[in-house]
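# Architecture at a glance
Residue strings, one per chain:
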Amino acid sequence: MTEHTLIFKVIRSRALDTGTDVWVALPEGAPGSVSGDTLAELLEEAEAVKHFVLGLSKDVPVRVEFVFEVPGVPVETIDSYRQARARLIDQLRQAGLSEQDSAELLTLPGGQALRRTA
Amino acid sequence: MAGVLSSYAEIRDRIYQLARQHGLRVDWPEKTKSRQLLHLVDADQVVVAITTVPVRGITREALERLGADLEHLFGKDWMV
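Residues numbered from 1 in each chain as written. Chains lettered and ligands numbered in written order. Predicted model: local features only at pLDDT ≥ 70, side-chain atom pairs only at ≥ 80, totals over all residues. Heavy atoms only, no water.

### Details of the sheet that holds strand β1 (residues 25–31) of chain B
Note the threshold: Here the rule is simple: two strands pair whenever DSSP picks up at least two bridges between them. Under the DSSP-based scheme used, a helix requires at least four consecutive residues in state H or I and a strand at least two consecutive residues in state E, with every element numbered from the N terminus. Convention adopted: a line fitted to C-alpha atoms gives each axis, helices being fitted over their contacting stretch, and angles between N-to-C directions are expressed from 0 to 180 degrees. Should any heavy atoms of two residues lie within 4.5 Å, those residues are considered in contact.
The strand order across the open sheet formed by three strands is β1-β2-β3 (chain B), and the pairing between neighbours is antiparallel. Edge strands, defined here as strands with exactly one partner in the open sheet, are β1 and β3 (47–54) of chain B. Strand-to-strand twist of the sheet, defined as the mean angle between neighbouring strand axes without regard to direction, takes the value 25°. The sheet strands contacting helix α1 (residues 39–54) of chain A are β1, β2 (35–41) and β3 of chain B, and the helix crosses β2 of chain B at an angle near 5°. Packing against the sheet, helix α1 (residues 8–21) of chain B makes contact with β1, β2 and β3 of chain B, and its axis sits at approximately 145° to β1 of chain B.

### Observations regarding the pattern of salt bridges
Residue and element names in this part refer to chain A. Put simply, the rule is: What makes a salt bridge here is a side-chain nitrogen of Lys or Arg within 4 Å of a carboxyl oxygen of Asp or Glu, nothing more. Relative accessible area decides the class of each residue, using a 1.4 Å probe on protein chains only: under 20% of the type maximum gives buried, over 50% gives exposed, and in between gives partly exposed.
Enumeration according to the criterion identifies 12 salt bridges over all chains in this entry. R63 is the partner of E65 in a salt bridge, and the nearest nitrogen-oxygen pair spans 2.3 Å. Accessibility expressed as a relative area gives 31% for E65, which makes it partly exposed. What you see here is one network of salt bridges that share partners, running through E3, R63 and E65.

### A few points about the interface of chain A and chain B
Counted only if it meets this: Buried area is understood as the total, over both parts, of accessible area removed when two parts are fitted together, assessed with a 1.4 Å probe. Pairs of N or O atoms are called polar contacts if they sit within 3.5 Å, as long as, within protein, a hydrogen donor faces a hydrogen acceptor (for residues adjacent in sequence, only side-chain-to-side-chain pairs).
Each partner contributes to the interface: chain A provides 26 residues, whereas chain B provides 24 residues. Buried surface at the junction of chain A and chain B, summed over both partners, amounts to about 1,900 Å²; 54% is from carbon and sulfur atoms. Across the pair R56 of chain B and D37 of chain A runs a salt bridge whose closest N-O atoms are separated by 2.7 Å. Connecting chain A to chain B are 21 residue pairs in polar contact (both at pLDDT 80 or more). If you list the elements that add at least two residues to the side of chain A that touches chain B, you get β1 (4–14), β2 (21–27), β3 (34–36) and α1 of chain A. No other element matches the seven residues that α1 of chain A contributes to the side of chain A that touches chain B.

### Section: the sheet that holds β1 of chain A
Residues and elements named next belong to chain A. Taken in spatial order, the four strands line up as β3-β2-β1-β4 in an open sheet, and their pairing is mixed. With one partner strand each, in any of the chains shown, β3 and β4 (62–68) form the two edges of the open sheet. Going from strand to strand, the sheet's axes swing by 30° on average, the running direction of each strand aside. Along the sheet, α1 contacts β1, β2, β3 and β4; its crossing angle with β4, the most-contacted strand, is approximately 130°.

### Overview of the side chain of T51 of chain B
Position of T51 of chain B relative to the elements: it lies in strand β3. Its relative accessible area of 1% is what places T51 of chain B among the buried residues. A distance of 2.7 Å separates polar atoms of two side chains, one belonging to T51 of chain B and the other to D69 of chain B. What T51 of chain B contacts, discounting residues up to four positions off in sequence, is P31, G32 and F52 of chain A together with Q36, L37, L38, L66, D69 and L70 of chain B.

### Observations regarding the packing of α1 of chain B against helix α2 (residues 60–74) of chain B
Residues and elements named next belong to chain B. Our working rule: Relative orientations are named as follows: roughly parallel for angles under 35 degrees, roughly antiparallel for angles over 145 degrees, roughly perpendicular for angles from 65 to 115 degrees, and oblique for any other angle. Classes in brief: Ala, Val, Leu, Ile, Met, Phe, Trp, Tyr, Cys and Pro nonpolar; Asp, Glu, Lys and Arg charged; the others, Gly included, polar.
Across the interface, α1 lies against α2 with an axial gap of 12 Å and an inter-helix angle of 10°. The orientation of α1 relative to α2 falls into the category roughly parallel. Across the interface between the two elements, I11, I15, L18 and A19 of α1 pack against L63, L66, L70 and F74 of α2. Among the residues making up the contact of α1 with α2, the classes are represented as eight nonpolar, no polar and no charged.

Printed below as a string of structure tokens:
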């Protein structure tokens, strides 16, 4: 079965009902929108509506992608960091680290050097 | 955005009003944390519009998208 891809443009915007800034995701080439207080919530919302906005039944595979529009930060910068981070995690996994340890290592405060032992 | 509907209740009521005028049935198949999913269905049971109505996290962009999604049925300024 063909996998469909749905791309969401993601921005920050002020919510009129709460007066706080929220994440908003607008699907490209499809109707509707979703929002969330956190990115995790937003991703959950996007997953929840993806079949509906495409008019597809839930047994059809749909992959979701996000393009983040953050003021002052080029989209390419975010994308290239995420790709570099994914490659690095891959290398750490190949070195024998668990997925959790790999992610944890990359968030340790500065000055914690990874020494090569081989 | 003065004069534009901006609460879920106002928008929902306007959708029902306009749907009645156009002979359409309003169907809410599902609800997520931030949206009510909406189908508008004609007399032949054909879905003529699909969109999401903001329940929380109601931003200008979400309202503009909703306005555009139903413009072909209700006209350009249906939310005013």
